[in-house]
Amino acid sequence: MSGFPYARGWKILLLGPAPSLGGGLKSLLTQEIPALQVFEVKSYPDAAALPSLISSQGLSICLFDVSTKPETALPLIREMQRLSPRLPIIAVLQDDETDLILSCLRQGAADFIALPAAAAQLDQVFTKVVQSYPELAPANASARVISVISAKGGCGASTLALNLAFQRKRLGVKRILLADLDPLTGTLAFQLRAKPAYSFLDAMNRGSQLDQDIWKGLVHTMDGIDILFSPEAVSEALYMLGDPAAMIQFARGCYDILILDVASAHGAWNGRLAQLSDEILLVATGDPLGLRSAQRSLASLRNHQIPAAKTRIVVNRYSKTAGLGTDVLETSLQKGLFMTLPSDPESIQRSVIEAKPVVAGSAFAKGVLALADALAGPKQAVPEKKPAPKSGALSGLLAMFGKKATS
């Protein structure tokens, strides 16, 4: 097991009544894997207890005793997979019972081990699991994944993602990937007048087969920044989306920062990208519709189990005279704003015509540079800001969004 570094710091659940599960197997795991956390449940839980059991510990893998009572264990495997599809379940068997092994795999188990287990057997099983669940592998410490997510269409999130990548380059980041991961309405190729031969679908579908040579052929390089585009044909994206984890994990090892242009906070694909990100910039506008869309996006991120501190709200095209004040936005969203960016339509229109980032020195460029600088600082959790509600005109505005203001 010493040759298997991915398991460092894993959280493993030992589930089931078999004495050997918490005895010899637990001892073997804790001896061989540094910084391992082991949680034991020495019985089969009922279905009502499963959701809290799975979600409470941030588990990496479950080692599940099936042999003691297969008629109870097999349905639980199916239910656990339904509740948490990305939790690998390793069936633990007393011997090589072929029929039981097949039953476990049919119910959704990722693999199996037969007791007594040796270090080499665990190494083989865990290595195989990491290939199917690459998020279990530790991320490159220098690589940072920032998803720029649109609260609603037309809020300027793609323009922000594009310009953020180039401003981070100005701040000295050497290896940057800008990835348009909007499978249906991605616009980066249009913005840059590019005609890519490949898209992120080509990278994602290669999965564990990706290497540096293949990757170089898939990305487009512009001014020292690698760009991965969305597919041209919408029909491809509708039927070919899979798990992006292997692609993101590979890219982490190639760059210092990944900036992902994500269509929205809604849906399984976008939720998965948010889960794989270190930080999220939720881009909204400062009008009532933009505020409502941001509220719904925050709710979707919570449903995808994204920690609140991971999400930072950026209000684009902000104007105190034309939109709601920051106090109204923060009160309604129950969250502090990370940054506001000015309305600068002339500079952005010019950048679209010239197929380049916004010209340096413009109001929008200065705002994005300030944002890039803020992101480059020490990573700190963003405190939840809950200003006291105000009376008067603010009461009516908050009522539009389901918030009750008091005098």
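How each quantity is defined
- Residues numbered from 1 in each chain as written.
- Predicted model: local features only at pLDDT ≥ 70, side-chain atom pairs only at ≥ 80, totals over all residues.
- Heavy atoms only, no water.
- pLDDT = per-residue confidence, 0-100.
- Helix = DSSP H or I, 4+ residues; strand = E, 2+ residues; numbered from the N terminus.
- Contact = heavy atoms within 4.5 Å.
- Buried < 20%, exposed > 50% of the residue type's maximum accessible area, 1.4 Å probe, protein only.
- Lys, Arg positive; Asp, Glu negative; His and termini not counted.
- Salt bridge = Lys/Arg side-chain N within 4 Å of Asp/Glu carboxyl O.
- Phe/Tyr/Trp six-rings, centres within 6.5 Å; stacked < 30°, edge-to-face > 60°.
- Lys NZ or Arg CZ within 6 Å of the ring centre and 35° of its normal.
- Expected span 1.5 Å × (residues − 1).
- Arc of directions from axis to C-beta.

1. Observations regarding the confidence of the model for the protein chain
Then, number 1: Looking at the protein chain, the pLDDT average stands at 84 and 86% of residues meet or exceed 70.
Then, number 2: When pLDDT is averaged over each helix and strand of the protein chain, the minimum, 52, is found for helix α17 (residues 393–399) and the maximum, 96, for strand β10 (residues 257–262).
Then, number 3: In this model, residues 388–394 is a region of pLDDT below 50 whose contacts with residues beyond four sequence positions or in other chains number 10 contacts.
Then, number 4: Across residues 403–407, confidence stays below pLDDT 50; counting only partners more than four residues off in sequence or on other chains, it has 12 contacts.

2. With respect to the environment of alanine 374
Then, number 1: As for its position among the elements, alanine 374 is in helix α16 (residues 363–376).
Then, number 2: Overall, the relative accessible area of 34% leaves alanine 374 in the partly exposed class.
Then, number 3: Separated by 35 residues in sequence, alanine 374 and methionine 339 place their C-alpha atoms 9.0 Å apart.

3. Points about the side chain of aspartate 261
Then, number 1: The residue aspartate 261 is located in strand β10 in this model.
Then, number 2: One buried charged residue, aspartate 261, forms no salt bridge at all, with the nearest opposite charge on arginine 317 at 12 Å.
Then, number 3: Residues contacting aspartate 261, with those up to four places away along its chain left out, are Val148, Ala157, Ser158, Ala161, Ala179, Asp180, Leu181, Asp182 and Leu188.

4. Examining the packing of aromatic side chains
The geometry of an aromatic ring pair is captured by two quantities: the separation of the ring centres and the angle between the planes.
Then, number 1: On inspection of all chains with the given rule, the structure shows 5 aromatic pairs.
Then, number 2: Directly above the aromatic system of phenylalanine 190 lies the positively charged group of arginine 193, at a separation of 5.1 Å from the ring centroid.
Then, number 3: Lying over the aromatic face of phenylalanine 338, arginine 312 brings its terminal NZ or CZ to 4.6 Å of the ring centre.

5. Focus: helix α3 (residues 70–83)
Given 3.6 residues per turn, any residue in an α-helix points the same way as the ones three and four places further on.
Then, number 1: Compared with an ideal rise of 1.5 Å per residue, which puts 14 residues at 20 Å, α3 spans 20 Å between its outermost C-alpha atoms and is within 8% of the ideal.
Then, number 2: Taken residue by residue, α3 has Ala73, Leu74, Leu76, Ile77, Met80 and Gln81 as its buried positions. For α3, the buried positions fall inside an angular range of 165 degrees around the axis, keeping them on one side. Facing away from the buried surface of α3 by more than 90 degrees, the exposed residues are Glu71 and Arg82.
Then, number 3: Summarising the contacts, the buried residues of α3 are in contact with β1 (11–15), α2 (50–55), β3 (61–65), β4 (89–93) and α4 (98–107).

6. Digging into the pattern of salt bridges
Any two side chains of opposite charge can pair, so long as their charged atoms come close to each other.
Then, number 1: Applying the stated rule across the entire model yields 10 salt bridges.
Then, number 2: Between arginine 252 and aspartate 278 there is a salt bridge, with the nearest N and O atoms lying 3.2 Å from each other. Residue arginine 252 is found in helix α11 (residues 245–252), and its partner aspartate 278 is found in the loop between α12 (268–275) and β11 (279–285); the two are separated by 26 residues along the sequence.
Then, number 3: Under the relative-accessibility criterion, arginine 252 is labelled buried at 7%.
Then, number 4: A network of salt bridges, in which partner residues are shared, links Arg86, Asp243 and Arg272.

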